[in-house]
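Chain and residue survey
The chain contents come next:
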Amino acid sequence: MDTQDSQERKLLIALENIKRLTTRPQLFASIPRAEFLTMFVIHASMQKAEQEKEASPGVMISKLSELLQISRPTASQMISSMEEKGYTRRVMSTSDRRVIYICLTEKGQAVLQMNLARYSSVLNEIIEKVGRKEIDQLIFLCDRFQEVVNEVKPRLLHNLQSAEEHPVEEPV
């Protein structure tokens, strides 16, 4: 096996390990990962609106689905489930009754804060053990990796579409 194959294999393994770390259910949180991320995004949107003195009390489903990179029906279903648990509520816009905002309830805020504290505690321990300098390097490299992926992705998608439109016929 040549060096490039080995490096590609090691990169794929490293990415898979990172994926496992970030998608492992219930590792630090008392709620499912998807709910935690949804609550986090709603909370961030509420804070941003408050800081910018906007009239919106939360985030619209369309924006939430965009930020979470999930479909609107999936986002709506998730919000309904979280509403049943008392974590979120829907608030009608005062200026346009067709617009509905999603915001966190007090219970949702408390659950989010408790889970953020758990994550913070674990992440601080990891940062101390790995070292702040190495964590900064990891963050820089992850950001750079994301930039390059975003650069390469359109070309890859174009090549895939071209291959689907003009399939290569296999000899008989």
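Residues numbered from 1 in each chain as written. Predicted model: local features only at pLDDT ≥ 70, side-chain atom pairs only at ≥ 80, totals over all residues. Heavy atoms only, no water.

Per an unreviewed UniProt entry, the chain goes by MarR family protein and derives from Paenibacillus jilunlii.

Within the chain, the regular secondary structure consists of 6 helices and 3 strands. Counted from the first residue to the last, the chain has its helices and strands arranged as α-α-β-α-α-β-β-α-α. For a compact globule of 172 residues, the expected C-alpha radius of gyration is about 16 Å, and the chain comes in at 21 Å, more than 25% above that figure. The proportion of buried residues among the 172 residues of the chain is 23%. Restricting the contact set of the chain to residue pairs at least 6 apart, pairs at least 24 apart contribute 53%. Here the chain contributes 23 positively and 24 negatively charged side chains, and the mean placements of these two sets differ by 7 Å. (Helix = DSSP H or I, 4+ residues; strand = E, 2+ residues; numbered from the N terminus. Rg over C-alpha atoms; globule rule 2.2 N^0.38 Å. Buried < 20%, exposed > 50% of the residue type's maximum accessible area, 1.4 Å probe, protein only. Contact = heavy atoms within 4.5 Å. Lys, Arg positive; Asp, Glu negative; His and termini not counted. Charge placed at Lys NZ, Arg CZ, Asp CG, Glu CD.)

On to the domain arrangement of the chain. Per the domain assignment, the segments making up the chain are domain 1 (25-130) and domain 2 (131-164). With centres defined by C-alpha atoms, the gap from domain 1 to domain 2 works out at 26 Å. Across the contact, 5 residues belong to domain 1 and 4 residues belong to domain 2. Summed over the shared surface of domain 1 and domain 2, the result is 1 salt bridge. Across the pair Arg132 and Glu128 runs a salt bridge whose closest N-O atoms are separated by 2.9 Å. (Domains from an automatic or database assignment. Salt bridge = Lys/Arg side-chain N within 4 Å of Asp/Glu carboxyl O.)

This brings us to the side chain of Ser65. Of note, Ser65 is situated in helix α3 (residues 61-68). For Ser65, the side chain forms a polar contact with the main-chain oxygen of Ser62, separated by 2.9 Å. Each residue touching Ser65, except ones within four places of it in the same chain, is listed here: Ile70, Ser71, Arg72 and Ala75. (Polar contact = N/O pair within 3.5 Å; in protein donor to acceptor, adjacent residues only side chain to side chain.)

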